[in-house]
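Listed here are the chains, written in short residue letters.
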Amino acid sequence: MSKTYLVTGGAGFIGSNFIHYILERHQDILVVNVDKLTYAGNLENLKAVMDDERYAFIQADVCDREAMVRLFEQYHIDYVVNFAAESHVDRSITDPGVFVSTNVMGTLNLLDAAKSSWKTGEDSYREGVRFLQVSTDEVYGSLGPEGFFTETTPLDPHSPYSASKASADLLVKAYGDTYRMPVNITRCSNNYGPYQFPEKLIPLMINNCLNRQGLPVYGDGMQVRDWLYVEDHCKAIDLVIQRGTLGEVYNIGGHNEKPNIEIVKSIISYVAEKVDPSIDERLIRHVSDRKGHDRRYGIDPTKIREALGWEPETMFAEGIRKTIDWYLENRQWMEHVTSGSYQQYYRAMYVGR
Ligand code: NAD
Ligand code: DAU
């Protein structure tokens, strides 16, 4: 039976990968992408599907309560997949307010709009609907050298970004507990792959290597992240939508823990091999550390593996090559982002069509 996905933040990195993923795998669906198009939203990511009759784009802010209510009136929405967020930790340190607006208040608006639209009686909702909150391992705080985050690890966010994501998670949980809304929360580790904005470690380093610019490594570069190829994340989210137990939290991780400095060195060596052997580690610059920098993240994905049979399919050595190859084959995408011209894409392609 036909299902309608409301994907928020679908013009961003993971959201656009997710839209491609579900349109390729499910025939009989409608995908409504609602995105404010902040600096992180790029409709060029969705060029290949913009004329697909199963896809619709609406420019709106998740903080605009009336606009969210109207969306639920306009479409028969079955699934909400809430990616819309301010997502960059460094920006949250300099400007926390917008993180609270979008990540906390935006989530609250969406929960309210879904609740009113889906309600069929006291604490009962239309059959088959689901609200999936895309969260992050950063809500658990930082690990020492041993151990992993499980779904029962206490929340201990450190940055304004992770505090806003933890707040949103608690609201989603509260709507499940209080109003019996059909919700799930997924918490994943660092994603990488095509269409990632070059403020984040991997695309920034690739772009700087290609431009022979310095590679800024925060502090000693020994902070550890658990890298997840974005398509593996999309697959996990879709599995939770299809078969996850309502009310549950699922951690999603790649079993790919690496210190930042190792990531940077592996990017240098592959770009040098593919493009120019003179690109080398002399580009590395150790710069001041991020304030409150979490030392290590590591996910225990046992629950989603045992419950839904999910495993990451792309290990880092393969994923980083695929990712660098994508950026090399899509130099124009990066040029449009770094020149800022991607922000005119919406007007050029949509307005007055
Ligand atoms: P992104 O910054 O690339 O994209 C965010 C998207 O949300 C953009 O298209 C932006 O225009 C849109 N947006 C921002 N504010 C909005 C608003 N007020 N209303 C409507 N749309 C708005 O982010 P991403 O890296 O794709 O992350 C997506 C989600 O996944 C976020 O919720 C993030 O917290 C979570 N997450 C990301 C990672 C990661 O490694 N990137 C890991 C774990 C969790
Ligand atoms: O763990 C999941 C999180 O991963 C998501 O919730 C966030 O939305 C996403 O942005 C990401 O957060 P990080 O802060 O881990 O990602 P970022 O790419 O900004 O940084 C990765 C690591 O690299 C981190 O330890 C900081 C470091 N770093 C980052 C940049 C941009 C550098 O050393 N130099 C840099 O220039």
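Each remark here, short or long, concerns the structure printed above.
One structure accompanies this document, and this report is about it. (Residues numbered from 1 in each chain as written. Chains lettered and ligands numbered in written order. Predicted model: local features only at pLDDT ≥ 70, side-chain atom pairs only at ≥ 80, totals over all residues. Heavy atoms only, no water.)

1. Examining the overall build of the protein
The cut-off we apply is this: Only runs of H or I of at least four residues qualify as helices and only runs of E of at least two qualify as strands under DSSP, and these elements are numbered from the N terminus. For the radius of gyration, the atoms used are the C-alpha atoms, and the globule rule reads 2.2 Å times the number of residues raised to 0.38. Relative accessibility under 20% of the residue-type maximum defines a buried residue, over 50% an exposed one, and the middle range a partly exposed one, all with a 1.4 Å probe and only protein chains included. For this analysis, residues touch if any pair of their heavy atoms sits within 4.5 Å. All accessible areas in this document rest on Shrake-Rupley with a 1.4 Å probe, and a residue is counted as covered only by the protein chains that are shown.
Helix and strand counts for the protein stand at twelve helices and 15 strands. For 353 residues, the compact-globule estimate of 2.2 N^0.38 gives 20 Å, and the protein sits close to it at 20 Å. With respect to the three principal axes, the spread of C-alpha positions in the protein is 65 × 50 × 40 Å. The buried share among the 353 residues of the protein stands at 57%. In the protein, 82% of the contacts between residues at least 6 apart in sequence involve partners at least 24 apart. Summing over all exposed atoms, the protein offers an accessible surface of approximately 15,000 Å²; the carbon and sulfur share of this is 49%.

2. Describing the nonpolar core
For clarity, the threshold we go by: What is meant by a nonpolar core is a set of buried Ala, Val, Leu, Ile, Met, Phe, Trp, Tyr and Cys residues, joined one to another through side-chain atoms within 4.5 Å.
Within the largest apolar cluster, 39 residues are counted, with the highest numbers of intra-cluster contacts made by Y5, F18, Y55 and V81. Beyond its immediate sequence surroundings of up to four residues, Y5 is in contact with F18, I22, H26, I29, L30, V31, V32, Y79, V81, D238, I241 and Q242. Residues I58, V80, A114 and V139 belong to the second largest nonpolar core, which totals 36 residues.

3. Let's talk about the site of ligand 1
The following threshold applies: One heavy atom within 4 Å of a molecule or strand makes the whole residue count as near it. Under the rule applied, a polar contact is a pair of N or O atoms within 3.5 Å (in protein, one hydrogen donor and one hydrogen acceptor; residues adjacent in sequence only if both atoms are side-chain atoms).
Residues in close proximity to ligand 1 total 28 residues, the closest being I14, D35, S87, Y161 and K165. Measuring from an oxygen atom of ligand 1, one finds a backbone N or O atom of I14 at 2.8 Å. Those elements that provide at least two residues to the shell around ligand 1 are α1 (13–25), β7 (130–136) and α5 (160–179). Considering each element in turn, the shell around ligand 1 owes the most residues, three residues, to β7.

4. Overview of helix α6 (residues 201–210)
With eight of its ten residues buried, α6 lies for the most part within the structure. I202, P203, M205, I206, N207, N208, C209 and L210 are the residues of α6 that are buried.

5. Side note on the environment of D276
Tracing the backbone through its elements, the reader meets D276 in the loop between α8 (260–274) and β15 (284–287). Linking D276 and G106, residues 170 residues apart in sequence, is a C-alpha distance of 45 Å. The residues touching D276, leaving out its near neighbours within four places in the chain, are R212 and V271.

6. Side note on the sheet that holds β7
Our working rule: Should DSSP find at least two bridges between two strands, the strands are regarded as paired. Only the stretch in contact is used when fitting a helix axis, every axis being a line fitted to C-alpha atoms; angles between N-to-C directions are given from 0 to 180 degrees.
Judged by pairing direction, the sheet is parallel, and its seven strands sit side by side in the order β3-β2-β1-β4-β7-β8-β13 without closing on themselves. Whereas interior strands pair on both sides, the edge strands pair on one side only; in this sheet they are β3 (55–59) and β13 (249–252). Between one strand axis and the next, the sheet turns through 20 degrees on average, direction left out of account. Of the pairings in the sheet, the one linking β7 to strand β8 (residues 183–188) comprises six bridges and is parallel in character. The residue of β8 that forms the bridge with Q133 is I185. Those strands touched by α5 are β7 and β8, and its axis lies near 155 degrees from that of β7. Along the sheet, helix α7 (residues 230–243) makes contact with β1 (3–8), β4 (79–82), β7, β8 and β13, crossing β7 at roughly 150 degrees.

7. Some points on the site of ligand 2
Stated formally: Just so you know the grouping, Ala, Val, Leu, Ile, Met, Phe, Trp, Tyr, Cys and Pro go in nonpolar, Asp, Glu, Lys and Arg go in charged, and all remaining residues, Gly too, go in polar.
The immediate surroundings of ligand 2 are formed by 23 residues, with T136, D137, Y161, R290 and H293 found nearest. In this structure, L201 approaches ligand 2 through a main-chain N or O atom, which is 2.8 Å from an oxygen atom. Note that an oxygen atom of ligand 2 is positioned 2.9 Å from one of the side-chain N or O atoms of N260. For ligand 2, the protein covers 94% of the area, taking 690 Å² as the surface of the free molecule. Sorting the residues of the shell around ligand 2 by element identifies α6 and β10 (215–218) as the ones contributing at least two each. Per-class residue counts for the shell around ligand 2 are nine nonpolar, eight polar and six charged.

8. Observations concerning helix α11 (residues 331–339)
Put simply, the rule is: Taking the helix axis as origin, the arc is that swept by the directions to the C-beta atoms.
Along α11, the positions that sit buried rather than exposed are W333, M334 and V337. Projected down its long axis, α11 shows its buried positions confined to an angular sector of 95 degrees, all on one face. The secondary structure elements touched by the buried residues of α11 are α6 and α10 (316–329).

9. Describing the side chain of N260
As for its position among the elements, N260 is in helix α8. The residues touching N260, leaving out its near neighbours within four places in the chain, are L201, G221, Q223 and R225.

10. Description of the pairing of β8
As a reminder, the rule being used: The crossover handedness rule: strands pointing away from the viewer, path from first strand over the helix to second strand clockwise, crossover right-handed.
Of all the six residues making up β8, six are buried; the element is thus mostly covered by neighbouring parts of the structure. The alternating pattern of β8 places V183, I185 and R187 on one face and N184, T186 and C188 on the opposite face, and all of these are buried. The parallel pair β7 and β8 is bridged by α5, and the resulting crossover is right-handed.

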